[in-house]
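The residues making up each chain are set out below.
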Amino acid sequence: MATVIGRWLGTTVVICFLTGLYSHVLQDTPSWLPVPSRPANLYRVTQGVHVISGTVAVPLLLAKLWTVYPKLFAKPDLKAIGQLIERLSILVLVSSMALELFIGFVNTLQWYPWPFPFRQTHYALAWIIVGALLVHVAVKLPLIRANWRRTPERRPESLPAETTGLTRRGLFRTVAGAATLVGITTAGQSATPLGSIAVLAPRKPNVGPQGLPVNRTAAAAGVAGIGADWRFTVAGPRQLSYSLEELRNLPQSRAELPIACVEGWSQGARWEGVRVRDLLALCGAPAKSRVRVVSMEKGGFYATSELPEDFAADSLTLLALRLNGSELALDHGFPARIIAPNRPGVLQTKWVHRLEVIA
């Protein structure tokens, strides 16, 4: 039982790890690694899967612990090195996974009751989990192989009556049903057809100003609006400066792109504005230039962001001025914000007042 549930949990952990690693690479892209801007909805899918798989891992982890907990508290043989390694790997694996799932879930609620930075800690814990999991699997490999080679006739149908009263098949159905139910009732924040039954999703993606939720308000960012003297600048081979009205008079483009947030929710929207690559052409910069985006936000981890070359050159990447047919609301980044394909929501910088060509 522990082996079978372990397969389910291991598969879920691997999916969660790989999709989380992709999110990390998008937010901290190494200079040597090209990251494509298409498919436009790729991050929407991967981050939705990341949060769903992390949520599904909770009942699977509890079931896994339930099947093995009597042995967890058995006195180890201090002379058996393999057993000591196994116990140590279990201690590290269980404690780090429990902490990882807890802070990941709390992050979806945007509640941070700890003094350490969430994203860096979440990333480090993921590698600790993978390392402990590899050690644990290596130690238990003989038992895992033996279980795989068993025939159905040799596997007991019932669990010990004094401990459960469940059949083996009944336990598997219960665990699989619980994991599926948790996944379905969470998935609606990123999968629109399931939105009506997303009772465990902390966000309703279509609820908020102009049909989009707001993670960070203008008040929280210290942005009160703009004055009559506001200017948008592009720092490149030629310095450009525009008033808001002059930006509106530049050739406008439209894009259907989602906001896909790291908390797992996503929602498609209609954006209008000036293509970033057109602004690069106006200032004399190559279309494939790295661009630093500077916000009017005061402080915060995402007051600036960088557009890699492929993103800056993509025809869907806009300095957006309008959302869903109307001028941007202040909480959505008025007077201008970045919207780009295949990009985490935290990097779709709001309240933009400056672009800097850096390569």
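Owing to the predicted nature of the structure, the values given are computational and were not obtained by experimental measurement.

Cut-offs and rules
Residues numbered from 1 in each chain as written. Predicted model: local features only at pLDDT ≥ 70, side-chain atom pairs only at ≥ 80, totals over all residues. Heavy atoms only, no water. Helix = DSSP H or I, 4+ residues; strand = E, 2+ residues; numbered from the N terminus. Buried < 20%, exposed > 50% of the residue type's maximum accessible area, 1.4 Å probe, protein only. Contact = heavy atoms within 4.5 Å. Areas by Shrake-Rupley, 256 points an atom, 1.4 Å probe, with all protein chains shown as cover. Lys, Arg positive; Asp, Glu negative; His and termini not counted. Charge placed at Lys NZ, Arg CZ, Asp CG, Glu CD. Pairing = 2+ DSSP bridges. Axes fitted to C-alpha atoms, helices over the stretch in contact; angles between N-to-C directions. UniProt positions renumbered as here; feature names shortened; annotations may be inferred.

Asks: Would you explain the overall build of the chain in this entry?
Replies: When helices and strands are tallied, the chain shows nine helices and 10 strands. A burial count over the chain gives 46% of its 359 residues as buried. Restricting the contact set of the chain to residue pairs at least 6 apart, pairs at least 24 apart contribute 66%. Surface exposure of the chain reaches about 18100 Å², of which carbon and sulfur atoms provide 64%. Taking the average location of the 37 positive side-chain charges in the chain and that of its 22 negative ones, the two points are 9 Å from each other.

Asks: Is there a simple way to think about the sheet that holds strand β5 (residues 291-295) in this case?
Replies: Spatially, β2-β1-β10-β5-β6 is the arrangement adopted by the five strands of the open sheet, whose pairing is mixed. Whereas interior strands pair on both sides, the edge strands pair on one side only; in this sheet they are β2 (240-242) and β6 (304-307). The average undirected angle you get between the axes of adjacent strands in this sheet is 15°. As defined by bridge partners, strand β1 (residues 232-235) adjoins strand β10 (residues 352-357) across three bridges and the pair is classed as parallel.

Asks: Would you take a moment to explain the UniProt feature "domain: Oxidoreductase molybdopterin-binding" (unreviewed entry) in the chain for this structure?
Replies: On the UniProt side, "domain: Oxidoreductase molybdopterin-binding" (unreviewed entry) is annotated at positions that read residues 228-358 here. With 14% helix and 39% strand, residues 228-358 has end C-alpha atoms that lie 29 Å from one another.

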